[in-house]
Amino acid sequence: MTRQFFAKMAAAVMIIAAGLLGTVATAQNRAISGTVVDESGAPVVGAAVIVVGNASIGAVTDVNGAFRLNVPAGANINVSCVGYADQTVAIGNQTNFRFVLVEDAEFLEETVVIGYGVQKKSDLSGAVASIREEDLKNRSTTDAASALQGKAAGVQILNYSGAPGQGAAIRVRGYSSNSGSIGPLLIVDGLKVDNIQYLDPTMIESMEILKDAASAAIYGAQAGNGVVLITTKAGKEGSSSITYDFKLTNQSLAHLPGVMNRKQFIDFKQMQGYNIDQELVANGDDGIIDTDWSKELFERGFMQQHSLSFQGGNKNGHYFVSLNYVDNNGIVVGNKDVYKRLSAQVNGDYNIKPWLQVGTNTSIEKWSTLGVTQRSETNSPMMAVIQNDPLTPAYYDEVGQFTTSMTNVWNGQVPEGFETYDPHSLILQAPDGRWYAVSKYVDNDHGSPLIQLARSNSTNGGISVRGSAFANLKPFKGFVFTSRFGYRLSFSNSHSYSEPYYANDMAKSDQYSISAGANTGIYYQWENFANYNFNIGKNAFTAMAGMSFTENFSDNVSGNANGKDILSGYAENFRYLNYVNSAEGTTKGISNLPGHSANLSYYGRLNWSYDSRYGLQANFRADAFDSSKLSKKSRWGYFPSVSGFWNISNERFIKDNISKDILSFLKVKASWGVNGNINVLSGYKYDTTISLNSNWYEYGMDAQPSYGSKPSGVANPDLKWETSEQLDFGLEARFLNNRLTFATEYYDKNTRDLLVDASLPPEIGVTTSTINAGTVNNKGLEFELGWKDRIGELSYSINGNFTWQKNKVTYLDPSIPRDVKGSYYVSQIRSAFEVGYPIWYMYGYQYDGYKPETGEPILHDFNGDGDVTDVDKTFIGSGIPDYLFGLTLNLEYKGFDFTLFGTGVAGNEIFPVLYRTDRPFNNTLEYYHANSWSESNKSARFPNPALVKNDTKFWASSANIFDGSYFKIKQIQLGYTLPARITKRVLINNLRMFVSLDDYFTFTSYPGLDPETATTENIQQMGIDLGTYPTTRKVVFGVNVTF
Amino acid sequence: MKKYLIPLFLVGAVFATSCESKLDIPQKGVISIDDFYKTNEDAEGAIVAAYDAFAKYVARGDNEYIISPYNALFNLPSDDIYGAGEFYGDNDFLGEINDFRFDADAQLVTDMYRYYYKIIYSANLVIDRFKDGLPDEGPTAVTKRVVAEARVMRAWCHMMLAIGWDCPPLVDHVLGAAERPYNCNTDPNNPKTHDELLEWCAEEALAAVPDLRERASASDKNGTTYITKGFANFVAGKAYVFANNMAAAKAPLKEIIKSKKYELVPAERMRETFHIKGEGNEETIFGTNVNNNPSIGSGVMDKSLWMHLDISGWRTDHWAGKPNAIKGGWGAIGVRQEFAEALIANDGFDSPRRKAWIVKYDPEILYDLEYPSDNPWWLNEKDARYPKFANRGRYIQKTVDTGKKDDKGKPIIDTVFTDDKTKDSQRGIASYLYGQTEYLENKRQADPGDVDYWLSTLNVLVARYAEVLLLYAEACAVTNDNDGLQYLQEIQRRAGSQHISSSLTLAEVQNEKRFEMFMEGTRWPDLVRWGKTESLVNNGKEIPYMYDQFFADEEKGTTPRKTKTETHTIYLDYTGKDNAGKTVGFVKGKHEHFPYPYSKAVAINENLTQNPNW
């Protein structure tokens, strides 16, 4: 649709010139006249009709596409219009002409989608990364965001987890808020969406990332963290086809966690000062057992992906229909980690009248996930797989092997609270009848990864419909009025159920619990905007103006119950809230709170370019948000931007002096703009109300409470959104007949007015008030370099991108020396937000090595008071990488194709919280064993393990900082396309088979599970590794068939 | 051209339509400030919120204090106790105050400063909104009373602030978030000196008296849980005394005496006043109240003395044996030897006040209390055949199993010898006690009766009658009015003291107040006011460790426990170097007042001037 749209716009580039200049030259001889139309028969306004060899004789078509001209006899005339292929004809004796211009395919390839319109790539003055269908093809990922990884400079994709159905997060040009809301605005076919996880990469035609403020400014208050515009596929004219893609993926654990085996574990316990020999005897160790918990927890998992598409079209309309199915059963044993998604995309458009086009894009998704706990210090199989000791088997075959406390429970000596249960039911049994084993050496709060897995019974699922319907009114050439109605409907349900169990004194539960919830979301947006193109001489103008109104409604109902006897029955078919009993000990909870928000915006753009040499663009948006976000007096915000480019290679002094074979293209550009981030505001933060009856006092010795009320705080009606102001300079060049491409951009982005809870002077009587008082600076350099050529029948290309980025907090309200977040049972490590440092850096103690003789650690005492206390904490690392890079190599030879794609980051740190200071007997990373001080190794990195066994300060020090850099080969794919002459015989136009190794090789020095996922999902605890479902390595077999 | 008109009309229509009214979305589950503060019920609700703040911030605060921050802050900088605990640095938020080594960011100072203004804010909400009565009806009985209560509350906070910080900002209305108040003496609009601020407090309290309720009688317990005429007069009298306006102080104080609504409790019950069983007794004027109301659930913690039982309990985990009746705790307060000796010299060892306030380790704790080791483990008190042995004193008749059994198969028990408790290894200080002397604190030491619910719902005592009498006596002494002598003597007689003043002098009052008001937060402000801070200059320089030489282990040689003795022998070691290299002790010209919190106040308010030398 967008190509069509642009073609129409571009066709009308000279409409004003037509009006103003009319016929620009008159000559003798012959008078000719005619009309210029496009393939649909619509008049092409502003087409230039000139005499070949004498450009001074020419005319421009009017609003009806008509022209009149006097030409010399025997002349050839040339008809040209931006966006269409030129035509040259000899006039001969003909006096009346009808030219049908064909859209210029090459030209259209180079357009990119920008907000509320499209633009020629060569005329872009902002920083827009454009990812095409080809870049997304045949990836095993099911998530559109994840498919972006490594493909564009300045864009970081965070795969927070390898678990099935986990979506990736996108960071455009750094990290610009102290809040967790720093993802870009996501727009699919004009519809604002809350995630793009539903979108199968096979349905995507292109993804554009608006990186600089000028490009994004048209989205105003929501664009401060960049904008991702996604266009789904449209049918192609004149080539109906059916495509079937199939992928079967076998996945397994990619990066074995470096935890200690039996021998190492026993040795480390000795180093820690445990009398492990005595422990082994006391616990009946057989001298052999050496459990590798990762082998017990992980297995090979299978994923299948099917995609069936139908597409086609003619000059009046196009359709694209696609059905996708994903069934991903992850690598955790059994069927506890499963993601299923059935989705359909239905896109169509039709020209009802020459001046009216209507269309729709609709996406329907049905999904379900079953997940396991991760990123948690407790009750997490991902943590337990690292911390459970190798001296404990995975299963006990008989009751006699039980730990003492398990035996006690089994024999009816249950702890307090468990009296009402059948003791045998409390000891969890595996499906094969064996019992899950727990350590005899140390109680931990997981018990066993398998127990935590067995206990996890939570499912989520739902249906979402996202779509839009639009009408393009094209009353005259160059003018398009679009009215578009977009909507999202989402319905989801969740269920969870857990039973009492006993593993050890820490991992146990004396209650049943059950919960269920239903969520409904209804969102709609109505947008009306008009684009108008006109030319004055060599000046080309595009003007756009529009408005949009959005409203979002959410509703949810949830209920839960817990207690010692909560259901009328416990068989699987009773595990629903309907069967919750009314026993006195059953605690029930219900909740419901509908939500509602709205947004009204006006926006406009004016674009001017001269002779494809210079251009300027200005954007403006005014946004107003509902009263849940901003007070009436400050609800409106205004977001301007300007940008410009200079296409140097189109200058005569270049054209005339340097061959296109050497310098094919050279452009410089600059932009400035202001965007906002509204996501930080919600829940009436600016307002204060009466906390009704939330205070109490008792007047009298035996009195019941009297209730009272007061305001919840002090209001700040001046509260506003975060505002990003960004400068961008860029250079694009192509050399050697377009074979070598190079682009670079520099940006400097200041995000101001971060929301902080500033301390008020105590005399005010209210502790804090949310104010706008923080600034973050992000700056960076982005490079893209590509080479594309052909050697005989081998065509090849290599593309790389590289980003350097720097993040720094430059201002924070003086009442807050630093904002500190995070807390862990076992480490005093924190994340801090402070002026002069990257956002949410790792805030801990500086490790100054150890005393060589004793191995006693030395932590830096900054204030010199003789004690290392909280005030001696300092910057010890940051989870934000300094460098991002991606590399793609494509080869094609006869029917074979080969892709090698890798991506990585460098300069970030990871802080693993995988050592338990409160349970030092737990297992942990082998790295700690291999690199600790001992009598025989006094130059190791870590101090004497015996001295830091329980030391929460040492375990919050820079000793435990690891380099988080990694390089991952994301894809090695080899494909073969059968020759068409063979496949045509069975009516197959194209048949390709491929095999691919995805996420197969990881180069890293990080000893934990997976450096890519080794972080919390919370931006305010970046780089803290609490044990995450790792990325899996995948072997993919696939077939692409087109009929 | 018609076809162009339709879209153009549409465009025009769209741009002309404003959806802005759809952006007004009301908040759920709240009522706006403008809809509150309308009725008598709202006025009652507003004053409840103020009492809520008062009770919360003197008992526990928003920083979850394990000891009443209000009691602790004014108690610690004194010459009669130590900030103690398990070891040096344990409970250092108390220790640093006692040693005068705290800085302008000290947690307790910062928090209590904040807390007073939080109470003031809640009081100002009531006063600002109801000082002219209800919006429609004007003043009502309810609005007059709640405003009066709020004014007294606000006056009391300002008085405590003035005592602690000299010239704190006077906040007499709700401030906006952007306001940056001045110290009261530098306020450009309405400057007030320290004394003038205190006089303002007194006048505010007096102005409120007519609209306040009066305690029904000395046995009216409920009348001590809210602000009464009696408490208002107390605030006025105390504020005048601290403003050194003794003449003005006498009237409101005498008013309390004359009202007969308050009495000193008898000597044998005087310790009760600080424990749950004495809540609201005759002597109590005002204490913030908290009951064990199951309907509140764990919210009770908010206003309770939270871990009061633990923090004030003796550190029995360092003892070789724990007396049966003692709960034990963290021993955060230690009694100075010189205070104990002075009290005994003044009162006599057997005075009920001495016994209520402090206990001598040897013999009262070591031998007079019942220990598990006093009896064989199987001795069943309920068994009539084995009468409970009198075990007070150093010796005990010990029963033993003769090894024989009677015809029913039960063991035959006999009293075969008396055991010498002085040689019992199941009692005494096994390791050491930090910051403790031969005398342990008893006044606020947890009472078995203080355990209510699962935490202590002990009310926080804010004013008691004894202080009224002492303030009045002082005002009289300074103004040469002999009327005060009778009340000074009333205090002394009730205490069972052997010292009864024969004439009313300031020195006599000062002496008496030191003993009577022990650990009630008046000592340091009084010393400052009287210019007698010499006794504070050595604070933090010699903090004792208490050992029992019976447990000395010469072989280890690591402790200065001296020689091992045959019997329990207490030894105090003052040679510890815990504060070595640190500046400790009261500094004249600096420690007369607390600093304004640096990070939380001074650093973000350029109008606030720090106290001298901080």
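S.K.: Teacher, can you tell me more about the overall build of chain B here?
M.R.: Each helix and strand counted, chain B has 17 helices and 12 strands in total. Evaluated residue by residue, chain B yields a buried proportion of 61% over its 614 residues. Considering only residue pairs separated by 6 or more positions, chain B has 71% of its internal contacts joining residues 24 or more positions apart. Only carbon and sulfur atoms are counted for the fraction: they give 50% of the accessible area of chain B, which is about 23900 Å².

S.K.: Please explain the side chain of Gln452(A) as it appears in this structure.
M.R.: Tracing the backbone shows Gln452(A) in helix α13 (residues 449-455). The contacts of Gln452(A), once residues within four sequence positions are left out, are Asn379(A), Ser380(A), Pro381(A), Asp445(A), His446(A), Tyr501(A) and Ala507(A).

S.K.: Sorry if this is basic, but what is going on with empty space enclosed by the protein here?
M.R.: Leftover empty space is mapped by rolling, across the atoms, a probe with the size of a water molecule. Residues and elements named next belong to chain A. Scanning the entire structure with this criterion turns up 17 cavities of 30 Å³ or more. Together, 28 residues line the largest cavity, and Thr141, Thr142, Ser146, Asp999 and Lys1034 are the ones closest to its centre. Elements with a contribution of two residues or more to the lining of the largest cavity: β54 (990-1004) and β56 (1032-1042).

S.K.: How should the domain arrangement of chain B be read in this particular structure?
M.R.: Note on interface size: it is often stated as the accessible area lost on association of the parts. With domains assigned, chain B is organised as domain 1 (2-369 + 429-536 + 573-604) and domain 2 (389-423). Put simply, the middle of domain 1 of chain B and the middle of domain 2 of chain B, counted by C-alpha atoms, are 51 Å apart.

S.K.: Before we go on, may I ask you to explain unusual backbone geometry in this structure?
M.R.: Most peptide bonds adopt trans geometry, and most residues besides glycine take a negative phi value. With an omega of 20 degrees, the peptide bond running from Asp362(B) to Pro363(B) counts as cis. Here Pro363(B) is to be found in helix α13 (residues 361-365). Even without being glycine, Asp999(A) reaches a positive phi, approximately 50 degrees. As for its placement among the helices and strands, Asp999(A) is situated in strand β54. At Asn613(B), a residue that is not glycine, the phi angle is positive and equals roughly 70 degrees. With respect to the helices, strands and loops of the structure, Asn613(B) is situated in the segment after β12 (570-573).

S.K.: When you look at the pairing of strand β51 (residues 909-912) of chain A in this model, what are you seeing that I'm missing?
M.R.: The side chains of a regular strand alternate, residue by residue, between the two faces of the sheet. Bridge count for β51(A) against strand β52 (residues 962-963) of chain A is 2 bridges, and the pairing is antiparallel. For Glu909(A), the partnering residue across the bridge sits in β52(A) and is Asp963(A).

Reading guide: rules and limits
Residues numbered from 1 in each chain as written. Chains lettered and ligands numbered in written order. Predicted model: local features only at pLDDT ≥ 70, side-chain atom pairs only at ≥ 80, totals over all residues. Heavy atoms only, no water. Helix = DSSP H or I, 4+ residues; strand = E, 2+ residues; numbered from the N terminus. Buried < 20%, exposed > 50% of the residue type's maximum accessible area, 1.4 Å probe, protein only. Contact = heavy atoms within 4.5 Å. Areas by Shrake-Rupley, 256 points an atom, 1.4 Å probe, with all protein chains shown as cover. 1 Å grid on protein atoms, 1.4 Å probe; cavity = no way out; pocket = protein on both sides within 12 Å on 5 of 7 lines; lining within 4 Å. Points joined across faces, edges and corners; volume = space filled by probe spheres on them. Domains from an automatic or database assignment. Pairing = 2+ DSSP bridges.

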